[in-house]
Protein chains: 2
Amino acid sequence: MADINVSAKIAAPGVAERPAGSAASAAGGPEPIWDIIELLFFAYRDFVGDPDEVLSKLGFGRAHHRVLHFVNRNPGMKVADLLDILNITKQSLGRVLKQLVDQGYVLQKEGAQDRRQRLLYATPKGEALSLKLAHLQTQRITRAFGELGPAAHEAARRFLTAMIDTDNREGVLRLIARADRMAKPEPK
Amino acid sequence: MADINVSAKIAAPGVAERPAGSAASAAGGPEPIWDIIELLFFAYRDFVGDPDEVLSKLGFGRAHHRVLHFVNRNPGMKVADLLDILNITKQSLGRVLKQLVDQGYVLQKEGAQDRRQRLLYATPKGEALSLKLAHLQTQRITRAFGELGPAAHEAARRFLTAMIDTDNREGVLRLIARADRMAKPEPK
DNA sequence: ACATTTATGTCAGCCATATTGACATATTTT
DNA sequence: AAAATATGTCAATATGGCTGACATAAATGT
């Protein structure tokens with residue numbers, strides 16, 4: 001991880017400083033909430049950084065992580081569901097998914113009612129990797145909550161939920177709730 | 001934005017549900033904190049989605065946004081500082097930075113003390129774009145805080161800060177704090 | 001029964017953003 | 001004078017997005 005040591009000489013004598021009433025507040029409306037904007041950037045960067053290290057050793061990237069994660073959490077999901085969640089094209093998904101299938105992390109099974117569908121399941125190998133990555137992220141979250149006290153989990157959940165597009169929010173919450181109830185995959 | 005409408009048939013009748021003490025807690029250590037892991041994914045996706053739309057119309061991408069953001073927030077920063085923050089190589093930065101310079105969003109000035117340095121500044125045009133993008137993100141944050149009550153800002157700040165790598169955290173907080181001082185310089 | 005729509009896959013090519021390695025130039029430091 | 005530093009650049013490569021076009025099988029509607 002990069003160390004953020006911007007040299008103190010940035011605000012060196014002679015270097016232009018902004019005039020008193022900054023351009024933002026004077027001209028362009030409400031003051032940006034800089035701290036949250038930047039903290040989100042850094043927090044997310046570190047949050048995905050842990051899994052990225054593990055994945056790169058396997059020749060995988062963040063795209064594989066996302067696919068494997070949602071497949072593992074929602075056994076039997078359709079390809080189309082995954083496309084909606086990830087918000088990418090089927091061509092993009094196809095490449096990544098094929099690698100996961102070929103290497104035995106994900107398997108596809110013909111739908112029982114609708115035989116056009118290729119329902120997706122994580123194999124034991126895939127589940128193990130998914131859980132390993134989730135565990136890394138959970139360690140970070142647990143450490144953060146440990147620093148913050150018992151109300152932190154609920155507060156974080158509420159904040160993050162409120163940051164989601166309002167028209168998507170219900171769907172996301174349903175997705176999470178159902179995945180929590182979801183069975184272990186039984187591709188029979 | 002994609003609508004998350006995973007077909008309800010995933011949890012089809014007859015599909016087993018996870019027994020109370022789930023497989024993960026039985027087998028593989030502590031239970032992953034799925035809700036925060038997934039909410040972070042969706043919240044961040046929407047958070048960067050707003051600027052992405054504006055940027056794509058200008059032929060820019062997320063990389064340009066990051067560069068412009070930090071340059072605007074830290075006028076006079078060195079190229080090396082930017083590389084540390086963004087955690088990319090100078091070759092990757094070079095291409096993006098060149099476009100921003102060529103199109104008049106960023107300018108480079110020779111360092112006064114060290115003439116090897118190319119100190120980076122946002123032009124008025126660059127500042128305007130940066131603020132426009134920050135405004136979009138601020139609208140989302142403001143809406144979220146509005147739903148959550150007055151303590152939400154402090155809670156979010158504490159949560160996001162705690163999620164950052166411990167050895168990076170101080171540097172990040174210093175960076176944010178100094179940028180805030182640059183925006184509203186105290187009468188010296 | 002036939003036509004249409006749906007779910008998925010695939011081929012081919014393009015673009016954006018990242019990488020590594022090697023090398024160049026100017027400037028500061030030793 | 002030599003070494004280290006700050007930056008830039010060339011060349012090649014990889015990943016993960018994209019669009020467009022087309023193929024197949026199965027479900028659905030008339």
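All values reported here derive from a predicted model rather than from experimental measurement.

The rules we used
Residues numbered from 1 in each chain as written. Chains lettered and ligands numbered in written order. Predicted model: local features only at pLDDT ≥ 70, side-chain atom pairs only at ≥ 80, totals over all residues. Heavy atoms only, no water. Helix = DSSP H or I, 4+ residues; strand = E, 2+ residues; numbered from the N terminus. Buried < 20%, exposed > 50% of the residue type's maximum accessible area, 1.4 Å probe, protein only. Areas by Shrake-Rupley, 256 points an atom, 1.4 Å probe, with all protein chains shown as cover. 1 Å grid on protein atoms, 1.4 Å probe; cavity = no way out; pocket = protein on both sides within 12 Å on 5 of 7 lines; lining within 4 Å. Points joined across faces, edges and corners; volume = space filled by probe spheres on them. Nonpolar A, V, L, I, M, F, W, Y, C, P; charged D, E, K, R; others polar. Expected span 1.5 Å × (residues − 1). Contact = heavy atoms within 4.5 Å. Near = heavy atom within 4 Å. Polar contact = N/O pair within 3.5 Å; in protein donor to acceptor, adjacent residues only side chain to side chain. pLDDT = per-residue confidence, 0-100. Pairing = 2+ DSSP bridges. Salt bridge = Lys/Arg side-chain N within 4 Å of Asp/Glu carboxyl O.

The helix and strand tally for chain A stands at eight helices and two strands. Counting from the amino terminus, chain A carries its helices and strands in the arrangement α-α-α-α-α-β-β-α-α-α. Looking at chain A residue by residue over its 188 residues, the buried ones come to 51%. For chain A, the computed accessible surface area is about 8,900 Å², with 54% contributed by carbon and sulfur atoms.

On to the layout of surface pockets, then. Estimates place the volume of the largest pocket at around 680 Å³. In terms of lining residues, the largest pocket is bounded by 24 residues, among which Tyr44 and Arg62 of chain A together with Tyr44, Arg62 and Arg66 of chain B are the most central. Elements with a contribution of two residues or more to the lining of the largest pocket: helix H2 (34-57) and helix H3 (62-73) of chain A together with helix H2 (34-57) and helix H3 (62-73) of chain B. Of the residues contributing to the lining of the largest pocket, the split by class is twelve nonpolar, four polar and eight charged.

Looking now at helix H7 (residues 152-163) of chain A. Under the 1.5 Å per step criterion, the end-to-end length of H7 of chain A is 16 Å for twelve residues, consistent within 8% with the ideal 16 Å. Within the span of H7 of chain A, buried status applies to Ala152, Ala156, Phe159, Leu160, Thr161, Ala162 and Met163 of chain A. Buried-residue contacts for H7 of chain A involve H2, helix H6 (124-148) and helix H8 (166-181) of chain A together with H2, helix H6 (124-148) and helix H7 (152-163) of chain B.

Moving on, we come to the protein's contact with DNA strand D. Lining the immediate surroundings of DNA strand D are 24 residues, of which Arg66, Thr89 and Arg95 of chain A together with Lys90 and Arg116 of chain B lie closest. Put simply, 53% of the atoms of DNA strand D that lie within 4 Å of the protein are in sugar or phosphate. Between DNA strand D and the protein, one listed contact pairs a phosphate oxygen with a side-chain N or O atom of Ser92 of chain A at 3.0 Å. Lys90 of chain B has a polar side-chain atom sitting 2.4 Å from a base oxygen of DNA strand D. Taken together, the elements giving at least two residues each to the surface near DNA strand D come down to H3 and helix H5 (90-102) of chain A together with helix H4 (79-86) and helix H5 (90-102) of chain B. The dominant element in the surface near DNA strand D, judged by the number of residues it contributes, is H3 of chain A, at four residues.

Attention shifts here to the protein's contact with DNA strand C. The environment of DNA strand C is formed by 24 residues, the closest being Lys90 and Arg116 of chain A together with Arg66, Gln91 and Ser92 of chain B. The sugar and phosphate moieties of DNA strand C supply 54% of its atoms located within 4 Å of the protein. Within the side chain of Lys90 of chain A, one N or O atom sits 2.3 Å away from a base oxygen of DNA strand C. Contributions of two or more residues to the surface near DNA strand C are made by helix H4 (79-86) and H5 of chain A together with H3 and H5 of chain B. Examining the composition of the surface near DNA strand C, we find that four residues originate from one element, H3 of chain B, more than from any other. Across the surface near DNA strand C, the residue classes break down as four nonpolar, ten polar and ten charged.

To continue, consider the side chain of Ser130 of chain A. Residue and element names in this part refer to chain A. With respect to the helices and strands, the residue Ser130 is situated in helix H6. On the basis of relative accessible area, Ser130 is assigned to the buried category, the value being 2%. Look past the residues within four positions of Ser130 in its chain and what remains in contact with it is Leu68, His69 and Asn72.

Residue and element names in this part refer to chain A. Mean pLDDT over chain A works out to 86, with 81% of the residues at or above the 70 mark. Mean pLDDT across the elements of chain A ranges from a minimum in helix H1 (residues 23-27), with 48, to a maximum in H7, with 98. Across residues 7-25 the pLDDT falls below 50, and counting only partners more than four positions away or on other chains, this stretch makes 34 contacts in the model. Here residues 183-188 is a poorly scored stretch, pLDDT under 50, and it has 17 contacts once near neighbours within four places are set aside; other chains count.

What follows covers unusual backbone geometry. Backbone geometry at Asn87 of chain A places phi at a positive 65°, although glycine is not the residue there. For Asn87 of chain A, the location among the structural elements is in the loop between H4 and H5.

Now for the pairing of strand S2 (residues 118-122) of chain A. All names here are of chain A. Here S2 lies mainly inside the structure; four of its five residues are buried. Looking at chain direction, strand S1 (residues 106-110) and S2 are connected through five bridges and run antiparallel. Looking at S2, one finds that Gln108 is bridged to Leu120.

This next bit is on the pattern of salt bridges. Residues and elements named next belong to chain A. Taken as a whole and assessed by the stated rule, the structure comprises 28 salt bridges over all chains. Here Arg62 makes a salt bridge to Asp52, at a shortest N to O gap of 2.6 Å. A residue pair is termed long-range when its members are at least 10 positions apart, and Arg62 in helix H3 and Asp52 in helix H2 qualify at ten residues. According to the relative accessible area criterion, Arg62 is partly exposed, its value standing at 37%. The salt bridge partner of Glu154 is Arg157, with a shortest N-O separation of 2.8 Å.

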